[in-house]
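Single-letter residue listing:
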Amino acid sequence: MTYLDYQATTPVAPEVVDAMQPWLGDKFANPHAPYTAGREAAAAIELARGRIERAMGVPDGQCVFTGSATEAINWAIKGVLRTRRVKRFVTLATEHAAVLDCAEWARSVGHEVEIVPVGQDGLVNMEALDAALTGGVDFVAAMLVNNEIGVIQPIAEIAAKAKAAGALMLCDAVQALGRIVIPSGPDMIAVSGHKIHGPKGIGALWLDKGLAPEPLLHGGGQEQGLRSGTLSPMLSVGFGTAAKVAEERFEQDRAHVEALWQTATLALGDDWIINGSTEHRYRGNLNIRRGGLDAARLISDLRDLQISLGSACASGSGRPSHVLKAIGLSDREARSSIRISFGRYTDEKALREAIQRIDAAARAQ
Ligand code: PLP
């Protein structure tokens, strides 16, 4: 089994497993309880929060824990739309479903929504963005590293334009945390534990100082009333440890991913085309297509290789990926595309062999 689906989720780091263990056993106290065991759990959560903020490299402000990045994104968008009585919401065609489905929801409740196109390289069309940002806009959402094609959007530039237009900006940095530096500028940033070798079921929304979107969840008033629900010390500690390890290993992980990219692209035959920019890209993503390839068949022929048709959410729906469509691919080209993603624990030799097998299986079709 070779795991090459790092953008769907990442293997849990051994340091994370060790750090989480005690919170599954004896350390079960409610972190919101006033006695010693509760305070100990609360302190562990605060330590984890600080580690995540440090790995994100964010200025003053606060990271609020959520159950996932999907929740963080829903909260940011719906909370701001409600709080600010936002009229116009601008986002990009290649966003994750969490953003695009919220945009659909926003439209359904009467907001104006504008979806800005991207070029063939997957980068935002700046002229279209400028046009969308004129005439009064209140909220902008843009992703840093794309989960399907790895393309890195110019977030600092988008944030500056959003600010100049008087809009608040959310950045989905789920695929960026621990992998590339998160630029400053956005007012809110969504991240997720399981994309950085942490546990599933926990995410966070970083809020710039003074921002407090209307809560999505009401109840016990945890997280300073912003997100009700008992926090999980186990998940928070796991996420925090993953962030600490990611920060410590940042350069090492980056160099390893670069070496893997070189190995993978060298091993590819001539007939493959890389989808999206190779220059403005996180190199742990190799989304490729080959003329006439039946990608679904390839994947079922090579079941011991864990690769994907696109985003894990889009796979299985039968619909061609909206990201590949947005960069101008035909349905046929999108269906000839596969996503290979790798990272910290990927072995170079195993990756080379996997690519060679993919190439051979494609040729044999
Ligand atoms: N945004 C991006 C770019 C993602 O890749 C994902 C996960 O697939 C999400 C958001 C949602 O994250 P979560 O699984 O924590 O809800």
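Cut-offs and rules
Residues numbered from 1 in each chain as written. Predicted model: local features only at pLDDT ≥ 70, side-chain atom pairs only at ≥ 80, totals over all residues. Heavy atoms only, no water. Pairing = 2+ DSSP bridges. Helix = DSSP H or I, 4+ residues; strand = E, 2+ residues; numbered from the N terminus. Axes fitted to C-alpha atoms, helices over the stretch in contact; angles between N-to-C directions. Domains from an automatic or database assignment. Contact = heavy atoms within 4.5 Å. Buried area = accessible area lost by both parts, 1.4 Å probe. Buried < 20%, exposed > 50% of the residue type's maximum accessible area, 1.4 Å probe, protein only. Lys, Arg positive; Asp, Glu negative; His and termini not counted. Salt bridge = Lys/Arg side-chain N within 4 Å of Asp/Glu carboxyl O. Polar contact = N/O pair within 3.5 Å; in protein donor to acceptor, adjacent residues only side chain to side chain. Right-handed = clockwise from strand over helix to strand, strands pointing away. Near = heavy atom within 4 Å. Areas by Shrake-Rupley, 256 points an atom, 1.4 Å probe, with all protein chains shown as cover. Nonpolar A, V, L, I, M, F, W, Y, C, P; charged D, E, K, R; others polar. 1 Å grid on protein atoms, 1.4 Å probe; cavity = no way out; pocket = protein on both sides within 12 Å on 5 of 7 lines; lining within 4 Å. Points joined across faces, edges and corners; volume = space filled by probe spheres on them.

Per an unreviewed UniProt entry, the chain is named Cysteine desulfurase, and its organism is Sphingomicrobium clamense.

This brings us to the sheet that holds strand β7 (residues 188-192). The strand order across the open sheet formed by seven strands is β2-β8-β7-β6-β5-β3-β4, and the pairing between neighbours is mixed. Edge positions in the open sheet fall to β2 (61-66) and β4 (112-116), since each of these has one partner strand only. The mean angle between the axes of side-by-side strands here comes to 20°, regardless of whether they run parallel or antiparallel. Bridging between strand β3 (residues 88-92) and strand β5 (residues 139-143) involves three bridges; their strand directions are parallel.

According to the domain assignment, the chain consists of domain 1 (2-10 + 250-364) and domain 2 (15-248). Centre-to-centre separation of domain 1 and domain 2, based on C-alpha positions: 26 Å. Across the boundary between the two partners, domain 1 contributes 27 residues, which contact 35 residues of domain 2. Where domain 1 abuts domain 2, roughly 2,600 Å² becomes buried across the two surfaces, and 52% of that area is made up of carbon and sulfur atoms. Three residues stand out in domain 1 for area buried against domain 2, namely Thr10, Phe250 and Tyr282, and they jointly supply 25% of the buried area on that side.

Here the focus is the side chain of Arg179. Locating Arg179 in the fold gives a position in the loop between β6 (168-172) and β7. Despite its burial, Arg179 pairs with no opposite charge; the closest candidate is Asp253, at 8.0 Å N-O. Here Gln175 takes part through its side chain, which lies 2.6 Å from a polar atom of the side chain of Arg179. Separated by 3.3 Å, the side chain of Arg179 and the backbone oxygen of Lys195 make a polar contact.

To continue, consider the pairing of β6. Counting buried positions along β6 gives five out of five residues, so the element sits mostly inside the fold. Where burial is concerned, the two faces of β6 agree: the one with Leu168, Leu170 and Asp172 and the one with Met169 and Cys171 are both buried. The pairing of β5 with β6 spans five bridges and is classified as parallel. Across the sheet, the residue bridging to Ala141 is Leu170, located in β6. Regarding the hand of the β-α-β motif, the stretch spanning β5, helix α6 (residues 155-164) and β6 is right-handed. In terms of strand pairing, β6 meets β7 through three bridges, oriented parallel. Looking at the pairing, Asp172 lines up with Ala190 of β7.

Looking at where Glu46 falls in the secondary structure, it is placed in helix α2 (residues 36-56). Look at Glu46 and you get partly exposed, because its relative accessible area is 44%. Along the chain, Glu46 and Pro233 lie 187 residues apart, while their C-alpha atoms are 9.7 Å from each other.

Attention shifts here to the site of the ligand. Among the 13 residues in the neighbourhood of the ligand, the closest are listed as Thr70, Asp172, Gln175, Ser192 and Lys195. Measuring from an oxygen atom of the ligand, one finds a side-chain N or O atom of His96 at 3.4 Å. Asp172 is positioned such that a nitrogen or oxygen atom in its side chain is 2.6 Å from a nitrogen atom of the ligand. Relative to its unbound accessible surface of 390 Å², the ligand loses 88% to contact with the protein. It is helix α3 (residues 69-83) that contributes the most residues to the shell around the ligand, three residues altogether. Residues belonging to the shell around the ligand are distributed by class as follows: four nonpolar, seven polar and two charged.

The next subject is empty space enclosed by the protein. Taken as a whole, this structure holds two cavities of 30 Å³ or more when the rule is applied. Among the elements that make up the lining of the largest cavity, the one with the highest residue count is helix α8 (residues 250-267) (four residues). Taken together, the residues of the lining of the largest cavity break down into eight nonpolar, four polar and five charged. Mapped onto the domain boundaries, the lining of the largest cavity takes at least three residues apiece from domain 1 (2-10 + 250-364) and domain 2 (15-248). Computed from the structure, the second largest cavity encloses a volume of approximately 30 Å³. Around the second largest cavity sit Thr94, Glu95, Met143, Leu144, Val145, Asn146, Val151 and Gln153, which together line it. Grouping the constituent residues of the lining of the second largest cavity by class yields four nonpolar, three polar and one charged.

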